[in-house]
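Structural characterization, general
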Number of protein chains: 2
Amino acid sequence: MKSHQVTIKDIAKILDISASTVSRALKDHPDISIETKNKVKKLADKLKYKPNAIALSLQSNKSHIIGIIVPQIVHHFFSTVISGIEELAADKGYNIIITQSNESQKKELDNCQTLLSGRVDGMIVSRTKDTENFDHFRNILNTGTPIVFFDRTCHGIKTDKVIIDDYKAAYDATEYLIKTGCKNLLHFAGPKNLKISSKRMWGFADALKRNNLSFNEEMIYSADNFSKGYNLTYELYKNNHLPDGIFTVNDMTAAGTLSALNELKIKVPEEISVFGFTNGIISQITSPSLSTVEQNGYLMGYSAAEILINKIENETTDIISKIIPTKLIIRNSTKKL
Amino acid sequence: MKSHQVTIKDIAKILDISASTVSRALKDHPDISIETKNKVKKLADKLKYKPNAIALSLQSNKSHIIGIIVPQIVHHFFSTVISGIEELAADKGYNIIITQSNESQKKELDNCQTLLSGRVDGMIVSRTKDTENFDHFRNILNTGTPIVFFDRTCHGIKTDKVIIDDYKAAYDATEYLIKTGCKNLLHFAGPKNLKISSKRMWGFADALKRNNLSFNEEMIYSADNFSKGYNLTYELYKNNHLPDGIFTVNDMTAAGTLSALNELKIKVPEEISVFGFTNGIISQITSPSLSTVEQNGYLMGYSAAEILINKIENETTDIISKIIPTKLIIRNSTKKL
DNA sequence: GTGAAAGCGCTAACAG
DNA sequence: CTGTTAGCGCTTTCAC
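To start, this report covers the structure provided alongside it.

The rules behind each value
What you see as residue numbers is a count from 1 along each chain, following the sequence as written. Ligands are numbered from 1 and chains lettered from A, in the order in which they are written. Two thresholds apply to this predicted model, a pLDDT of at least 70 for residue-level local features and 80 or more for giving and counting side-chain atom pairs, whereas whole-chain, interface and lining totals are computed over all residues. Side-chain metrics in this entry use all non-hydrogen atoms of the structure; hydrogen atoms and water are not considered. Working definition: helices are DSSP H or I runs of at least four residues, strands are E runs of at least two. Numbering for both runs from the N terminus. Restricting the calculation to C-alpha atoms gives the radius of gyration, and the globule rule supplies 2.2 Å times the number of residues raised to the power 0.38. Only protein chains enter the accessibility calculation, which uses a 1.4 Å probe; a residue is then buried when its area is under 20% of its type maximum, exposed when over 50%, and partly exposed in between. Here, two residues are considered to be in contact whenever any of their heavy atoms come within 4.5 Å of each other. When the copies are superposed, the least-squares fit draws on C-alpha atoms of residues that have pLDDT of at least 70 in both. N or O atoms within 3.5 Å of each other form a polar contact, as long as, within protein, one can give a hydrogen and the other can take it, and as long as residues adjacent in sequence are counted only when both atoms are side-chain atoms. In this text, near means that some heavy atom of the residue lies within 4 Å of the molecule or strand in question. Polar here means any residue other than Ala, Val, Leu, Ile, Met, Phe, Trp, Tyr, Cys and Pro, which are nonpolar, and Asp, Glu, Lys and Arg, which are charged; Gly is therefore polar. Basic side-chain nitrogens of Lys or Arg form a salt bridge, by our definition, when they fall within 4 Å of a carboxyl oxygen of Asp or Glu. Aromatic rings from Phe, Tyr and Trp, taking only the six-membered ring of Trp, are treated as a pair when their centres fall within 6.5 Å; an angle between ring planes under 30 degrees marks them as stacked, one over 60 as edge-to-face, and anything in between as tilted. In this description, strands pair whenever DSSP reports at least two bridges between them. Think of each axis as a best-fit line through the C-alpha atoms, taken over the contacting stretch in the case of a helix, with angles from 0 to 180 degrees between the N-to-C directions. By the criterion used throughout, a crossover qualifies as right-handed when its path from the first strand across the helix to the second strand runs clockwise, the strands pointing away from the viewer. Only buried Ala, Val, Leu, Ile, Met, Phe, Trp, Tyr and Cys residues count toward a nonpolar core, and they belong to the same one when joined by side-chain atoms within 4.5 Å.

Of regular secondary structure, chain A possesses 13 helices and twelve strands. On C-alpha atoms alone, chain A measures out to a radius of gyration of 26 Å, which is more than a quarter above the 20 Å that the 2.2 N^0.38 rule sets for 337 residues. Taken along the three principal axes of its C-alpha coordinates, chain A extends 90 × 40 × 35 Å. For chain A, with 337 residues in total, the buried portion stands at 55%. Contacts spanning at least 24 positions in sequence make up 73% of the contacts within chain A whose residues lie at least 6 apart.

Turning our eyes to something else, we now look at the relation of the copies chain B and chain A. The two copies are related by a screw operation: chain B maps onto chain A through 180° of rotation and 0.1 Å of translation along the axis, at an RMSD of 0.1 Å. Taken together, the turn and the small shift mark the pair as related by a two-fold rotation axis. Judged by C-alpha distance, Ile97 of chain B is the residue of chain B that lies nearest the rotation axis, at 2.2 Å. When the interface residues of chain B are mapped onto chain A, 100% of them again lie at the interface, so the same face is used by both copies.

Time to look at the side chain of Asp206 of chain A. Residue and element names in this part refer to chain A. Structurally, Asp206 is set in helix H9 (residues 195–210). A distance of 2.5 Å separates a polar atom in the side chain of Asp206 from a polar atom in the side chain of Tyr167. Not counting chain neighbours up to four residues away, the residues in contact with Asp206 comprise Tyr167 and Tyr171.

Further remarks concern the protein's contact with DNA strand D. Lining the immediate surroundings of DNA strand D are 24 residues, of which Ser20, Thr21 and Gln59 of chain A together with Ile8 and Gln59 of chain B lie closest. Thr36 of chain A is positioned with one of its side-chain polar atoms (N or O) 2.8 Å from a phosphate oxygen of DNA strand D. Within the side chain of Lys9 of chain B, one N or O atom sits 3.0 Å away from a phosphate oxygen of DNA strand D. Contributing elements (two or more residues each) for the surface near DNA strand D: helix H2 (19–26) and helix H4 (53–60) of chain A together with helix H1 (8–15), helix H2 (19–26) and helix H4 (53–60) of chain B. Taken together, the residues of the surface near DNA strand D break down into eight nonpolar, eleven polar and five charged.

Let us look at the protein's contact with DNA strand C. Taken together, 24 residues surround DNA strand C, and among them Ile8 and Gln59 of chain A together with Thr21, Arg24 and Gln59 of chain B come closest. Among the atoms of DNA strand C close to the protein, meaning within 4 Å, 69% are from sugar or phosphate groups. Note that a phosphate oxygen of DNA strand C is positioned 2.9 Å from one of the backbone N or O atoms of Ser18 of chain B. The separation between a base nitrogen of DNA strand C and a polar side-chain atom of Ser20 of chain B is 3.3 Å. Counting residues per element, the ones that place at least two in the surface near DNA strand C are helix H1 (8–15), H2 and H4 of chain A together with H2 and H4 of chain B.

Facing 59 residues of chain B, the contacting portion of chain A comprises 59 residues. Counting every contact that joins chain B to chain A gives two salt bridges. A salt bridge links Lys107 of chain B to Glu86 of chain A; the shortest N-O distance between them is 3.6 Å. At the surface where chain B touches chain A, the tally comes to twelve residue pairs in polar contact (both at pLDDT 80 or more).

All names here are of chain A. Taken as a whole and judged by the stated rule, the model has 26 aromatic pairs over all chains. Taking the centre distance of 6.4 Å and the plane angle of 75° together, the rings of Phe204 and Phe215 count as edge-to-face. Residue Phe204 is found in helix H9, and its partner Phe215 is found in the loop between H9 and strand S7 (220–222); the two are separated by eleven residues along the sequence. Both residues of the pair, Phe204 and Phe215, count as buried. Note on Phe247 and Phe277: the rings are 6.3 Å apart at their centroids and 50° apart in plane angle, and the pair reads as tilted. Of this pair, Phe247 sits in strand S8 (residues 245–248) while Phe277 sits in the loop between strand S9 (273–275) and helix H12 (282–285), and the two are 30 residues apart along the sequence. When sorted by exposure, Phe247 lands in the same class as Phe277, which is buried.

What follows deals with the sheet that holds strand S9 (residues 273–275) of chain B. All names here are of chain B. As summarised here, the arrangement of the four strands in space is S7-S6-S8-S9, forming an open sheet in which the pairing is parallel. Looking at which strands have only one partner, the edges of the open sheet turn out to be strand S7 (220–222) and S9. Across the sheet, the mean angle from the axis of one strand to that of its neighbour is 20°, orientation sign disregarded. Here strand S6 (residues 185–189) runs beside strand S8 (residues 245–248); their pairing, made up of four bridges, is parallel. Bridge pairing in S8 links Leu186 to Ile246. Contacting S6, S7 and S8, helix H9 (residues 195–210) crosses the sheet at an angle of about 170° to S6.

So, on to the pairing of strand S1 (residues 65–70) of chain A. Residues and elements named next belong to chain A. Summarising burial for S1: six of the six residues are buried, a large majority. Where burial is concerned, the two faces of S1 agree: the one with Ile65, Gly67 and Ile69 and the one with Ile66, Ile68 and Val70 are both buried. With six bridges connecting them, S1 and strand S2 (residues 95–100) associate as parallel partners. Across the sheet, residue Ile66 finds its bridge partner in S2, namely Ile96. A crossover connection joins S1 to the parallel S2 through helix H5 (residues 76–91); in handedness this β-α-β unit is right-handed. The pairing of S1 with strand S3 (residues 122–125) spans four bridges and is classified as parallel. Across the sheet, the residue bridging to Ile66 is Gly122, located in S3.

The subject of this paragraph is the nonpolar core. When a protein is soluble and globular, its nonpolar side chains tend to lie buried together. Counting 124 residues, the largest nonpolar core has Ile66 and Ile124 of chain A together with Ile66 and Ile124 of chain B as its most contacted members. In contact with Ile124 of chain B, other than residues within four places in its own chain, are Ile66, Gly67, Ile68, Ile69, Ile85, Val148, Phe150, Ala304, Ala305 and Leu308 of chain B.

Take the environment of Ser259 of chain A next. Residue and element names in this part refer to chain A. With respect to the element layout, Ser259 can be found in helix H11 (residues 251–263). The spacing of Ser259 and Gly229 is 30 residues in sequence and 8.9 Å in space, taken between C-alpha atoms. If we ignore the near neighbours within four places in the chain, the residues touching Ser259 are Phe226 and Tyr230.

This part covers unusual backbone geometry. With the exception of glycine, most residues fall at negative phi, and the peptide bonds are largely trans. The peptide bond linking Ser287 of chain A to Pro288 of chain A adopts the cis configuration, its omega dihedral lying at -5°. Checked against the element boundaries, Pro288 of chain A lands in the loop between H12 and strand S10 (292–294). Phi angles above zero are rare outside glycine, and Asn212 of chain A is one such case at about 60°. With respect to the element layout, Asn212 of chain A can be found in the loop between H9 and S7. For Asn212 of chain A, a relative accessible area of 73% corresponds to the exposed category. Look at Asp151 of chain B: it is not a glycine, yet its phi comes out positive at around 60°. With respect to the helices and strands, the residue Asp151 of chain B is situated in the loop between strand S4 (147–150) and strand S5 (160–164).

This is the structure we're talking about:
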């Protein structure tokens, strides 16, 4: 039973002054006498008056809410990004509304509707793996609500984004494997239509070529989660196709791979090196601990929020593409240089 | 530059009818003629009219927003809970606003203010570790905004909550260790003022007693994260105090413990058994995989949302304490029965 | 069957 | 220095 929250009118009535005077007093308008201000503030305090954000929103046509769409909240990388967004948003007086698409295009569409209806001031989005049609995003942009994409972006749509240089990071990781003596490498890759996956794949391929190792498509396997990494490793073992180094598209896949290798009593990194991508918590927990690419989700989120809020408040129209630096984190699943 | 979103007035003007007619037509009010309805709906569609949720909120005094406060978003358990909340909320037409307290009481207070100002219809909260004063929550409850607590609850405050039977779960886990032959057990515990921690501790203690093993306070060590678990294990090793079984207050602590034991070449579970708590992703990734207590955060979140939404919509006043069942997940860090 | 008017809580332009 | 009025977008009596 929602009891009546104190409003500006209540205060006005009690003090026998007008609502606008109360409003002005509360925000230290220079016109108001000090006595009145004091009177009002004291009562407001006593009554625990809280401005009604909804009324303010309606009036100003600003909700001070940032809408977020991620594929999954329960995913270390995404929750890190969210955390970064929340941090800056809270600082700047924005709330965040979070929705998840569960990798379903339909749900993603629903989320867009919901957020649009909720009149968010802007959105931060990482799209589903297989979204191919980006009209819903275009429509939102057309209404004037800014969107900043991160990590998974949309091709053919001019918009702000925060990404990492997936190509370079993959290139560097692969080259590290080569420099530490691997000659027979495989890549466990994500879906091809995801730019981040294909870029990592090309980084892998080019690192081989430039280091005078031959590359062919058979070095690319599709595996982008724990169980796929696990199963694929077993399969390669059975077919006698295990390499001496594996670069995986993310940490979970690497963890699955390591888990299988452990069971198969194959020594890491002596017999096989494994290189992950993301640097989530799990990379410290695997045995051996995982060498990986630091992706800095927190900073991605923080930067995305920064760009978005700037766009909201200054109504600039320049398109920004921010690249968050990555670095290799060398642990014990690879040999030392 | 937020361009003008289509409103009911725009439609009214174009069709040369009144706003109220449009409003009624849109919601299939029986009074309105079919032609008018069709006309209105068609145009609304064409113009991509979206009702302004903010205006609706102001009017109905319902925001259809659920406010969430968690210590940290980046924490597998909490993100799982959030995911459960989001799922039901989305189903029932609610949005969720997420705030994190970072285990800071001050931030928690701020969050309460923000959410209250945002006129959320209700809140779902897991408090910080060291909050001792719960007045801010009491104040919110007094305004008529319902709160459902989960996992970490507040003593001395009558409110809805969703918890697990921490005592029983800990008792069962400890008993399992005893039954598989452990005679010399330790518990790595969390802060005493957290009910969930102390309950787990008592479950541990009572399991020992009831199984004719002596218990004393020296079996309890304070360690509730990866590095504390890791360091404590090394310390015990140095002092020759390693037991034959360890029950930890959560998975991360167990992971730290396992990591140290691996480095020390101590065989798990042959020499030492390790039992965790939570069943997060990491429990499958540790080596060996971790026996743990399934805490079902998703269901906790889902149930909390269920209770809260019911309270919001039906304005019931009964206080509900829901206990989510736990179960032991036996993997390879403990011996078999 | 439809329109006019009031009001949700607040602010801002306009008076005085 | 303070009050009155109008309006943000929408719903809901009350008229006709």
